[in-house]
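Here is how the chains run, residue by residue.
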Amino acid sequence: MAQNGGIKLENGENTRTKNPPEAESINKLILKYSLPAITSSLVSSVYNIVDQIFIGQGVGYLGNAATTVSFPMMTIVMAFATLLGSGGSAYTAIKLGERDEKEANLTLNNLFSLSVGVGIIVALLGLIFLDPMLRMFGATDTVLPYARDYASIVLMGVPFSVLGITMSNMARTDGNPRLSMYGILIGAVLNTILDPIYIFVFHWGVSGAAIATITSQIISAVVLVVYFLKKGKNMRLRRKTFRLDSEICARALPLGISSGITQVASTILQVVMNNSLVYYGNQTTVGGDAALSAMGIVNKISMILISICIGIGIGSQPILGFNKGANQPKRVRKTYLLAISAATAVSILGWLACQIFPGPILSLFGTQDAEFTQFAVKCLKIYMLGIFTAGFQVVSTSYFQSTGQPLKASVLSMLRQLLLLIPLILILPLTFSLDGILYAGPIADVASAVIVSLFVVYELRKLNKVCSASEA
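Residues numbered from 1 in each chain as written. Predicted model: local features only at pLDDT ≥ 70, side-chain atom pairs only at ≥ 80, totals over all residues. Heavy atoms only, no water.

J.: Outline the pattern of salt bridges, listing residues and values.
T.: Scanning all chains against the criterion turns up nine salt bridges. A salt bridge links Lys 95 to Glu 98; its shortest N-O distance comes to 3.0 Å. Via salt bridges that share partners, Glu 103, Glu 247 and Arg 251 belong to a single interconnected network. (Salt bridge = Lys/Arg side-chain N within 4 Å of Asp/Glu carboxyl O.)

J.: Describe in detail the nonpolar core, supporting the description with residues and values.
T.: If you look at the biggest cluster of nonpolar residues, it comprises 126 residues, and the most contacted ones within it are Phe 228, Met 295 and Ile 301. With residues near it in sequence (within four places) discarded, Ile 301 still touches Cys 354, Ile 361, Leu 362, Phe 365, Leu 380 and Met 384. (Core = buried A, V, L, I, M, F, W, Y, C linked by side-chain atoms within 4.5 Å. Buried < 20%, exposed > 50% of the residue type's maximum accessible area, 1.4 Å probe, protein only. Contact = heavy atoms within 4.5 Å.)

J.: Describe helix H11 (residues 257–281), with residues and values.
T.: The end-to-end C-alpha distance of H11, which contains 25 residues, comes to 35 Å, matching closely the 36 Å that a straight helix rising 1.5 Å per residue would cover. Of all 25 residues that make up H11, 19 are buried, and the element is covered over most of its length. (Helix = DSSP H or I, 4+ residues; strand = E, 2+ residues; numbered from the N terminus. Expected span 1.5 Å × (residues − 1).)

J.: For the environment of Met 78, give the residues involved together with the corresponding values.
T.: Among the structural elements, Met 78 can be located in helix H3 (residues 61–97). Counting along the chain gives 188 residues from Met 78 to Ser 266, while the straight-line C-alpha distance between them is 10.0 Å. Setting aside its immediate chain neighbours within four residues, Met 78 contacts Leu 83, Ile 165 and Gln 263.

J.: Tell me about the packing of helix H13 (residues 329–356) against helix H16 (residues 390–402), and please be specific about residues and values.
T.: The N-to-C vectors of H13 and H16 enclose an angle of 150°; their axes lie 7 Å apart at closest approach. Viewed along their axes, H13 and H16 adopt a mutual orientation that is roughly antiparallel. Between H13 and H16 the crossing geometry is right-handed. Where H13 abuts H16, its residues Val 332, Tyr 336, Ala 339, Ile 340, Ala 343, Thr 344 and Ser 347 lie against Ala 390, Gly 391, Phe 392, Val 395, Ser 396 and Tyr 399. Classifying every residue of the contact of H13 with H16 gives nine nonpolar, four polar and no charged. (Axes fitted to C-alpha atoms, helices over the stretch in contact; angles between N-to-C directions. Parallel < 35°, antiparallel > 145°, perpendicular 65-115°, else oblique. Left-handed = near helix turned anticlockwise from the far one by under 90°. Nonpolar A, V, L, I, M, F, W, Y, C, P; charged D, E, K, R; others polar.)

J.: An account of a positive patch on the surface is requested, with residue identities and associated values reported.
T.: A surface patch of like charges, here positive, comprises Lys 28, Lys 32, Arg 178 and Lys 233. Mapped onto the elements, Arg 178 comes out in helix H8 (residues 177–201). On the accessibility criterion, Arg 178 (57% relative accessible area) is exposed. (Patch = residues over 30% accessible without salt bridge, like charges linked within 9 Å, V, L, I, M, F, W, Y side chains within 5 Å. Areas by Shrake-Rupley, 256 points an atom, 1.4 Å probe, with all protein chains shown as cover. Lys, Arg positive; Asp, Glu negative; His and termini not counted. Charge placed at Lys NZ, Arg CZ, Asp CG, Glu CD.)

J.: Now, about a nonpolar patch on the surface: what can you tell me, with residues and values included?
T.: A grouping of Tyr 182, Leu 185, Ile 186, Val 189, Ile 193, Ile 197, Phe 200, Val 201, Phe 202, Trp 204 and Ile 219 is seen on the molecular surface, where their side chains present a nonpolar patch of about 930 Å² in accessible area. Here the element with the most residues in the nonpolar patch is H8; it accounts for eight residues. Along the chain, Phe 200 turns up in helix H8. Judged by relative accessible area, Phe 200 falls into the partly exposed class, the value being 36%.

J.: Hey, could you go over unusual backbone geometry for me, with residue numbers and the actual values?
T.: With phi around 65°, Arg 99 is a residue other than glycine that occupies positive phi space. Positive phi outside glycine occurs at Ser 433, with the angle close to 55°. Relative to the helices and strands, Ser 433 is located in the loop between helix H18 (429–432) and helix H19 (434–471).

J.: Now, about the packing of aromatic side chains: what can you tell me, with residues and values included?
T.: As enumerated under the stated definition, the model contains ten aromatic pairs in all. Centre to centre, the rings of Phe 112 and Phe 242 are 4.8 Å apart; their planes meet at 20°, and the pair counts as stacked. Of this pair, Phe 112 sits in helix H4 (residues 101–128) while Phe 242 is found in the loop between helix H9 (205–230) and helix H10 (246–252), placing the two residues 130 residues apart along the sequence. Looking at Phe 242, the relative accessible area reads 24%, which means it is partly exposed. Pairing Tyr 336 with Tyr 399 gives two aromatic rings, centres 4.9 Å apart and planes at 50°, and the pair type is tilted. One end of the pair, Tyr 336, is in helix H13; the other, Tyr 399, is in helix H16, and 63 residues separate them in sequence. (Phe/Tyr/Trp six-rings, centres within 6.5 Å; stacked < 30°, edge-to-face > 60°.)

J.: Describe in detail the confidence of the model for the protein chain, supporting the description with residues and values.
T.: Summarising the model, the protein chain shows a mean pLDDT of 86, and 93% of its residues fall at 70 or more. When pLDDT is averaged over each element of the protein chain, H18 comes out on top at 95 and strand E1 (residues 7–11) at the bottom at 41. Across residues 1–16, where pLDDT falls below 50, the model places 31 contacts with residues more than four positions away in sequence or in other chains. (pLDDT = per-residue confidence, 0-100.)

This is the structure we're talking about:
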């Protein structure tokens, strides 16, 4: 059976239907899938960034520090959500490329059940161990009350957050990248509207920002679930297929391990960094709470740039996976090269902006005292020195994931944060104190980019051989 939107081609007596990912222009497909994915990825980041901006304006740097120590909790949630969404999306794209719509549909329904179940378990565990968890994430006695108010409310929305992210990935693979974008965009717009009302009008502080966030996540999840209940192109949610299938889970979830590892590594990194910032910050005139808040802002700015690169990588996944399944190596190669070029251009522009306009960028997060601002500018310029390599690394990891190479994708996912940055954060401050944490960022960025390039060169040579063989 052909998918909706297929392109009918005739060749002599044979007539067959090809799907857009294997027939349309790669340039057109990259735009079609990546622009909505970029928007969705950016919007996901906006949930936290908008909170940070309004909390900074309405509560101050202690409120921002509270969101910084709460953020590892959200990356844990993202680890589960991206494991499910990315793995299911990559597996489904390959199955659709193989014309196995039944397996793709079963995968969607399994992911729905897993998302709801995992979301509830994570939320309950987070609420039970909230204070010890926040302490572990770097909350000081001053910051803890703010962090507790924020995190306890955000945890209640975790099942909807996991479900929304998973269904967004599946909508993109179902050939509806715009719906994936709109589902998340609706939530982000609502979050942006509610934040100032709850913080400045109702004076709910960080609790108001958290309520705005979970309201937005609920709306996003509902929009995406309704689509798969009523209008899915190739896949629909059906109650009779909600029962988990161990074989499908065993085949799909490994493809999402690299995305999950990225988020787990990010969580570990944040815990190490937060505690290091407090420890070494308290040994300087900056202070631990101020250092924690400043780096939290810098990480949110970094998140914007990386989100665009992630969007390009996510947008290329259905094209890569489909053409891998359809045995179209030339289109796989061209898709990867176009995606990596676009992501690299974005990361270079972001790098330039951070080096040239650090003050105006930081001013969005509120006006603080001169010493805090001076450290924040220094933090942004130094820590982001190597961000120009981000696009290349993110898209390359996404490529290996999309083409069914989970081991390589997992290794590359761990490389920058877990294997390089965390050891550098622990070692460099022993000699350079607080500055050592800042310089750990660009050193890890450049070193990991060099290692990733070795994987990429080997992969491109292999692809070139396959393409040459197909031409012979």
